[in-house]
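Reading the structure
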Amino acid sequence: MGALPGAPLQAREMPEAGSATATGKPNVVILATGGTIAGAGADASNSATYQAAKVPVDKLIAAVPAMANVANVRGEQVFQIASESFTDAQLVQLGKRVSQLLKQDDVDGVVITHGTDTLEETALFLNLVVKSDKPIVVVGSMRPSTAISADGALNLLDAVTAAGSKEAVGKGVLVTMNDYIQSGRDVTKRTNIVPSAFSSQWGPLGMVVEGKTYFFRAPYKRHNASSEFDIDTIESLPLVAIVYGSGNMFPGAYKAAVDAGAKAIVNAGTGNGSVPGYLVDTLKDIRGKGTLVIRSSRVGDGFVLRNAEQPDDKYDWVVAHDFNPQKAKILAAVALTKTSDTKELQRIFWEY
Ligand SMILES: NC(=O)C[C@H](N)C(=O)O
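Residues numbered from 1 in each chain as written. Predicted model: local features only at pLDDT ≥ 70, side-chain atom pairs only at ≥ 80, totals over all residues. Heavy atoms only, no water.

A few points about the nonpolar core
Here is the rule we go by: Residues grouped as a nonpolar core are buried Ala, Val, Leu, Ile, Met, Phe, Trp, Tyr and Cys residues, joined through side-chain atoms within 4.5 Å. Each residue is placed in one exposure class: buried if its accessible area under a 1.4 Å probe, protein chains only, is under 20% of its type's maximum, exposed if it is over 50%, and partly exposed if it falls in between. For helices the rule is a DSSP run of H or I covering at least 4 residues; for strands it is a run of E covering at least 2, with both sets numbered from the N terminus onward. Each domain's limits were defined by an automated method or a database of domain assignments. Every residue pair with non-hydrogen atoms within 4.5 Å of one another is taken to be in contact.
The biggest cluster of nonpolar side chains holds 83 residues, and the ones touching the most others in it are Val98, Val111, Phe125 and Leu156. Here this core takes 8 residues from helix α9 (residues 325–336), the largest share from any one element. Taken domain by domain, the makeup of this core includes at least three residues from each of domain 1 (11–226) and domain 2 (238–351). Setting aside anything within four residues of it in sequence, one finds valine 111 in contact with Val28, Val29, Ile30, Leu31, Val137, Val139, Leu156, Ala159, Val160 and Ala163. Core analysis: the second largest hydrophobic core is formed by 15 residues, Ile265, Leu279, Leu283 and Trp317 among them.

Next comes the structure, spelled out in structure tokens:
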């Protein structure tokens, strides 16, 4: 139903800067990077045994003709790799391409097809560094397209739907997996094998159903257009290492990270990001010599509080708030491109 004469247009009907036309379909670019969504197995029963990063972007697009109902879609092959092989150099390259595309008036949204193993790192990275309110959606699949009940086609259709939707504008990087719209900031891969692999302790933002987005909440933390980080000015990321906490640890794991040139170590500590008593001096020493110590937790959910279990103020350590270790690593690397002041770093961990 159209608007009544003289009545204000509803948000959904408003033409947007950059949209093809007020009534036309949005223009969405798919940047393909590989992963299982581009994977192929020998047999339809192979849901877990297959080769990732085989199918090129034009074939991915041709396999989901329903995308043409929701957007004008074109594709670019950026990489063709499994996401466990992503490096920081590739993150930076991808981020710059997303930023470049979103500056174009003829691009309304970008979808990145990606392996699921490190999808959450890429989603957070783009959420921090691409200065645009236009939708950015990262998507993968848990089963290759050759498998029975493959999940990639619907996930991709949902991603394109979200990338072209006005409701997704300003909501930060999104991840569309298993019908849900998740925030790229905090979504994480929690199980392997099954399609319901991705979730966040703070819950999904909404769903995509039959080519339409339904949002129920919006992210609160700083992201994208309101971020102080800008991929256009980032050429590389400093090395950040994660050391996994357990019983019976040894100092060499932390020292190896320092020797490799790590500018920060994320302690994926037990419980509250704890540090074993017999390793406190090692970490104090490492911090004293210049490497940052960031306390996260191997638990996955919850969040690490300052000065809980360890006196962070006294030792000049930082806590990772609710960022899991792999996300804390990304935020630390991005933050370190601007500052190595621990007060500033702690502010950044609270704000993003
Ligand atoms: N489901 C997947 O995409 C897993 C694969 N190893 C990848 O991350 O590329």
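So, the sheet that holds strand β12 (residues 264–269)
Note the cut-off: Note on pairing: DSSP must find at least two bridges between two strands before they are called paired. An axis is simply a line fitted to the C-alpha atoms; with a helix, the fit covers only the stretch in contact. Between two such axes, the angle follows the N-to-C directions and lies from 0 to 180 degrees.
Here we have 4 strands laid out as an open sheet, ordered β11-β12-β13-β14, and parallel in their pairing. A single partner strand is all that each edge strand has here, and the edge strands are β11 (240–244) and β14 (318–319). Here 2 bridges tie strand β13 (residues 292–297) to β14, and the two strands are oriented parallel to one another. Among the inter-strand pairings, arginine 295 is bridged to a residue of β14, identified as valine 319. Helix α6 (residues 252–259) contacts β11 and β12 of the sheet and is inclined by roughly 155° relative to β12.

Some remarks on the UniProt feature "domain: L-asparaginase N-terminal" (unreviewed entry) in the protein
For clarity, the cut-off: UniProt positions are given in the numbering used here, feature names are shortened, and annotations may be inferred rather than shown by experiment.
In the numbering used here, UniProt assigns the feature "domain: L-asparaginase N-terminal" (unreviewed entry) to residues 27–218. The distance separating the terminal C-alpha atoms of residues 27–218 is 23 Å; by composition the span is 25% helix and 24% strand.

Considerations on unusual backbone geometry
Its identity as a non-glycine residue notwithstanding, serine 149 has a phi of 60°, on the positive side. Its location among the elements puts serine 149 in the loop between β4 (136–139) and α5 (152–163). On the basis of relative accessibility, which here comes to 53%, the residue serine 149 falls in the exposed class. You will see that histidine 321, though not glycine, has its phi angle at about 55°, which is positive.

Topic: the side chain of aspartate 151
This is how the line gets drawn: A positive count includes Lys and Arg, and a negative count includes Asp and Glu. His and the chain ends are not counted in either. Any carboxyl oxygen of Asp or Glu that lies within 4 Å of a side-chain nitrogen of Lys or Arg is treated as forming a salt bridge with it. Here a polar contact means two N or O atoms within 3.5 Å. Within protein one must be a hydrogen donor candidate and the other an acceptor candidate, and residues neighboring in sequence count only if both atoms are side-chain atoms.
Mapped onto the elements, aspartate 151 comes out in the loop between β4 and α5. There is no salt bridge for the buried aspartate 151, and the closest opposite charge comes from arginine 143, which lies 5.6 Å off by N-O distance. Here arginine 143 takes part through its backbone nitrogen, which lies 2.9 Å from a polar atom of the side chain of aspartate 151. Dropping the residues within four chain positions of it, aspartate 151 is found in contact with Ser141, Met142, Arg143 and Pro195.

What to know about the domain arrangement of the protein
Definition in use: Once two parts are joined, some of their accessible surface, as seen by a 1.4 Å probe, is lost; buried area is that loss totalled over both. Residues are sorted three ways: Asp, Glu, Lys and Arg are charged, Ala, Val, Leu, Ile, Met, Phe, Trp, Tyr, Cys and Pro are nonpolar, and all the rest, Gly among them, are polar.
According to the domain assignment, the protein contains domain 1 (11–226) and domain 2 (238–351). With centres defined by C-alpha atoms, the gap from domain 1 to domain 2 works out at 30 Å. Both sides of the domain 1 and domain 2 interface together cover about 1,400 Å² of buried area, and 51% of this is carbon and sulfur. Our enumeration of links across domain 1 and domain 2 arrives at 3 salt bridges. Two residues, glutamate 351 and arginine 222, come together in a salt bridge whose shortest N-O distance is 2.6 Å. Put simply, domain 1 and domain 2 have 14 residue pairs in polar contact (both at pLDDT 80 or more) between them. Of all elements in the fold, only α3 (88–102) and α4 (119–129) reach the threshold of two or more residues within the side of domain 1 that touches domain 2. Broken down by element, the side of domain 1 that touches domain 2 gets its largest block of residues, 6 residues, from α4. For the side of domain 1 that touches domain 2, the residue count by class is 7 nonpolar, 3 polar and 8 charged.

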